[in-house]
Amino acid sequence: MLTNRYSVNEKGHLTLGGADTVELASRFGTPLYVFDEDDIRGNCRSFREAFEKNYSLPCKVYYASKAFSCKEMYRLVDSEGLCADVVSGGELYTALAAGFPAEKIGFHGNNKTPDELAFALDSGVGRIIVDNIYELYTLNDLAGEKGKKPSVLFRIKPGIDCHTHEYIQTGQIDCKFGFALENGEAMEAVKIASAMDNISLVGIHCHIGSQIFETQPFIDAADIMVKLATDIRDTFGITLKEINFGGGYGIKYTEKDIPTEKDTDIKILCENVKLACERYDFPLPSLSIEPGRSILDASTLTLYKIGVVKTIKDIRTYVSVDGGMADNPRYALYGAEYEAVVANKADKPRDFTATIAGKCCESGDLIQEHTKIQTPQVGDTLAVLATGAYNYSMASNYNRLPRPAAVMVSGGNPRVIIERETYEDIIKKDI
Ligand code: LLP
């Protein structure tokens, strides 16, 4: 199976992190998101320790909380010594409500509102990653009014094309995020910031895309970003102390995916930053990254109940589950690939070709097409694997479906970290 955290027990049931998924489904209901806490903690440590091993300066790992944001997740990453990347007032609010230290938060966004910037300044976030020139002026004015001087990084588009879905590529010039390098925008912004009274420019940031398996784009980013820091020093006399390389490390959604070890990714990044610093004669900066998907990784799943099995002769069999695009829009959006297992028949061969459909009133409400699962029957529990990232965080109430509950499993023991929404929750804001 995808990771060694999955197994099959003596009942023939799929287990994750030692917990019987069929029991989880009957105890907590479906749909249900399940997270392997021990694995997530291990992922946090792998990144953190890789920097300790491979770099001489202190580095920071920001958990990109857009991947899965809830109070318990902020508590967990805080307890593992990580920082947090937030991208909206809502994520910032959730982090602070969980007691996450503001100074360990990096605030992102390509269209932060003045209210969000004021919120970030008032709460004392550690870093604001400025995306554009309008934001820079607004932030400078707001900071002046409040008597603050935020530490700022500039988000740079390094002009790197990586091989991932077009919707999640972010390093190329034709992209809504950040300052471009090619047309001088980035250097111009540094010039403007250097003359501002209320901005402390401490570093530069890039994020080239998501679900990336190649290492070359990260190697290129190391060179381009150190070169930019050198140009900034040589032109403006400002020596930046920090470079943030964003997230993007790919995970194993299917057997076809072969991700690099986290340790190796970080080693490559550190080595190439060191090489670039030698090449350009630039002092080693402190490094940070922002992994989201790879913190949650593949040892996460969603459990559903199979409600209808509809075979259309000579065409296909639709296996309908009690969730769908409202809890996992990734197939509808990106054609994302997933593996699925009939959790109560996990010891049987996956020799049945199914199209897994949701219950939304929409033909495109599919989780996967023509995929192999065990022969399904009404009432079976279906597990869709590796759904930890960008599922709950992208979930909606389409068709007024309540959002599912989420449980974390540690040492085989589950605990609820997000309660299932009720119909009452759904009408709460209706007048
Ligand atoms: N940092 C920045 C500035 C980002 O924009 C992102 C992701 C990350 C870090 C984390 O990237 P990760 O390590 O998770 O690849 N909804 C899409 C993914 C969108 C990614 C957006 N930005 C999906 O479901 O695949």
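Every value quoted in this text rests on a predicted model; they were computed, and no experiment measured them. Just so you know, the residues in each chain are numbered from 1, in the order the chain's sequence is written. Two thresholds apply to this predicted model, a pLDDT of at least 70 for residue-level local features and 80 or more for giving and counting side-chain atom pairs, whereas whole-chain, interface and lining totals are computed over all residues. Only heavy atoms go into the side-chain values, all of them from the structure, while hydrogens and water stay out.

**Here we look at the packing of aromatic side chains**
Piece 1. For Phe, Tyr and Trp, rings pair up if their centres lie within 6.5 Å, where Trp contributes its six-membered ring, and each pair is then called stacked (planes under 30 degrees apart), edge-to-face (over 60) or tilted (otherwise). A full pass over the atoms with the stated rule returns 8 aromatic pairs.
Piece 2. When the ring of Phe47 is compared with that of Tyr249, the centres are 5.7 Å apart and the planes differ by 40°; the resulting orientation is tilted. Residue Phe47 is located in helix α2 (residues 37-54), and its partner Tyr249 is located in the loop between β12 (242-244) and α9 (262-280); the two are separated by 202 residues in the primary sequence.
Piece 3. Its relative accessible area of 0% is what places Phe47 among the buried residues.
Piece 4. Think of it in three bands: residues with accessible area under 20% of the maximum for their type are buried, residues over 50% are exposed, and the middle band is partly exposed, with areas taken using a 1.4 Å probe on protein chains only. By relative accessible area, which is 4% here, Tyr249 ends up buried. Secondary structure elements follow DSSP: runs of H or I no shorter than four residues count as helices, runs of E no shorter than two count as strands, and numbering proceeds from the N terminus.

**Quick look at the side chain of Thr300**
Piece 1. You can see Thr300 is positioned in strand β14 (residues 300-312).
Piece 2. Looking at Thr300, the relative accessible area reads 0%, which means it is buried.
Piece 3. The criterion used for residue contact is that any of the two residues' heavy atoms lie within 4.5 Å. With residues up to four places along the chain from it excluded, the contact list for Thr300 reads Tyr6, Leu16, Val34, Phe35, Val384, Leu385, Ala386, Thr387 and Gly388.

**Some words on the pattern of salt bridges**
Piece 1. In the sections that follow, a salt bridge refers to a side-chain nitrogen of Lys or Arg positioned within 4 Å of a carboxyl oxygen of Asp or Glu. Applying the stated criterion across every chain, the model contains 31 salt bridges.
Piece 2. Residue Glu72 is joined to Arg75 by a salt bridge in which the shortest nitrogen-to-oxygen separation is 2.5 Å. Separated by 3 residues within a single helix, Glu72 and Arg75 lie in helix α3 (residues 71-79), roughly one turn from each other.
Piece 3. The exposure class assigned to Arg75 is partly exposed, which follows from its relative accessible area of 40%.
Piece 4. Here the residues in one salt-bridge network are Glu37, Arg41, Arg45, Glu72, Arg75, Glu80 and Arg415, joined through shared partners.

**Structural notes on unusual backbone geometry**
Piece 1. Here the amide bond leading from Thr30 into Pro31 is cis, since omega sits at -10°, within 30 degrees of zero.
Piece 2. Structurally, the position occupied by Pro31 is in the loop between α1 (21-28) and β4 (32-36).
Piece 3. Backbone geometry at Gln211 places phi at a positive 55°, although glycine is not the residue there.
Piece 4. Tracing the backbone shows Gln211 in the loop between β11 (200-205) and α8 (216-236).
Piece 5. Among the residues examined, Gln211 registers a relative accessible area of 12% and is labelled buried.
Piece 6. With a phi angle near 65°, Asp314 is a residue other than glycine that sits in the positive phi range.
Piece 7. With respect to the helices, strands and loops of the structure, Asp314 is situated in the loop between β14 and β15 (316-321).

**Focus: empty space enclosed by the protein**
A probe as big as a water molecule, rolled over the atoms, marks out the empty space that is left.
Piece 1. Definitions used throughout: a 1 Å grid over protein atoms alone; a cavity as a set of points that fits a 1.4 Å probe which cannot get out; a pocket as an open set with protein on both sides within 12 Å along at least five of seven lines; a lining residue as one with an atom within 4 Å of a point. Grid points are joined across faces, edges and corners, and a volume is the space filled by probe spheres set on the points. Scanning the model with the defined rule gives 1 cavity of 30 Å³ or more in all.
Piece 2. Space inside the largest cavity adds up to approximately 30 Å³.
Piece 3. Counting residues per element, the ones that place at least two in the lining of the largest cavity are β8 (127-130) and β12.
Piece 4. Here the residues of the lining of the largest cavity sort into 3 nonpolar, 2 polar and 3 charged. Asp, Glu, Lys and Arg are counted as charged, while Ala, Val, Leu, Ile, Met, Phe, Trp, Tyr, Cys and Pro are counted as nonpolar; the rest, among them Gly, fall into the polar class.

**Observations concerning the site of the ligand**
Piece 1. Whether a residue is near a molecule or strand is decided by its heavy atoms; if any one of them lies within 4 Å of it, the residue is near. In the region of the ligand, 20 residues are neighbours, and Ser210, Glu290, Arg330, Tyr334 and Tyr390 sit closest.
Piece 2. Contact distances for the ligand include 2.7 Å between a nitrogen atom and a side-chain N or O atom of Glu290.
Piece 3. Per-residue accessibility takes into account occlusion by the displayed protein chains alone, with areas from the Shrake-Rupley method and a 1.4 Å probe. Notes on the ligand: free accessible area 590 Å², of which the protein chains cover 91%.
Piece 4. Of the pockets mapped on this structure, the ligand occupies the largest pocket.
Piece 5. Its residues placed into classes, the shell around the ligand shows 6 nonpolar, 8 polar and 6 charged.
Piece 6. Looking at which domains feed residues into the shell around the ligand, each of domain 1 (6-30 + 299-427) and domain 2 (37-296) supplies at least three. For this analysis, a polar contact is any N or O atom pair within 3.5 Å, provided that within protein one partner can donate a hydrogen and the other can accept it, and provided that sequence-adjacent residues contribute only side-chain to side-chain pairs. Grid points define the cavity or pocket, and a molecule sits in it when more than half of its atoms lie within 2 Å of them. Residue ranges for the domains originate in an automatic or database domain assignment.

**Regarding the pairing of strand β19 (residues 381-385)**
Piece 1. Counting buried residues along β19, 5 of its 5 residues qualify, which places the element largely inside the surrounding structure.
Piece 2. Side chains Thr381, Ala383 and Leu385 project from β19 onto one buried face, and the interleaved Leu382 and Val384 project onto a second face that is buried too.
Piece 3. Two strands qualify as a pair provided that DSSP identifies no fewer than 2 bridges between them. Bridge count between β14 and β19: 5 bridges; the pairing is antiparallel. When the sheet's bridge partners are listed, Thr302 is paired in β19 with Val384.
Piece 4. In the sheet, strand β16 (residues 340-342) pairs with β19 via 3 bridges, with the strands oriented antiparallel. Bridge pairing links Val341 to Ala383 in β19.

**Details of the layout of surface pockets**
Piece 1. Of the pockets and cavities examined, the largest pocket occupies roughly 710 Å³.
Piece 2. Among the elements of the structure, α10 (293-296) and α11 (330-334) are those that each provide at least two residues to the lining of the largest pocket.
Piece 3. Here the lining of the largest pocket is composed, by residue class, of 11 nonpolar, 13 polar and 10 charged.
Piece 4. Estimated volume of the second largest pocket: approximately 470 Å³.
Piece 5. Along the wall of the second largest pocket there are 28 residues; nearest its centre are Asn43, Thr260, Glu261, Lys262 and Asp297.
Piece 6. Residue assignment for the lining of the second largest pocket shows that the elements contributing at least two residues are α2 and α9.
Piece 7. The dominant element in the lining of the second largest pocket, judged by the number of residues it contributes, is α2, at 5 residues.
Piece 8. When its residues are assigned to classes, the lining of the second largest pocket shows 9 nonpolar, 10 polar and 9 charged.

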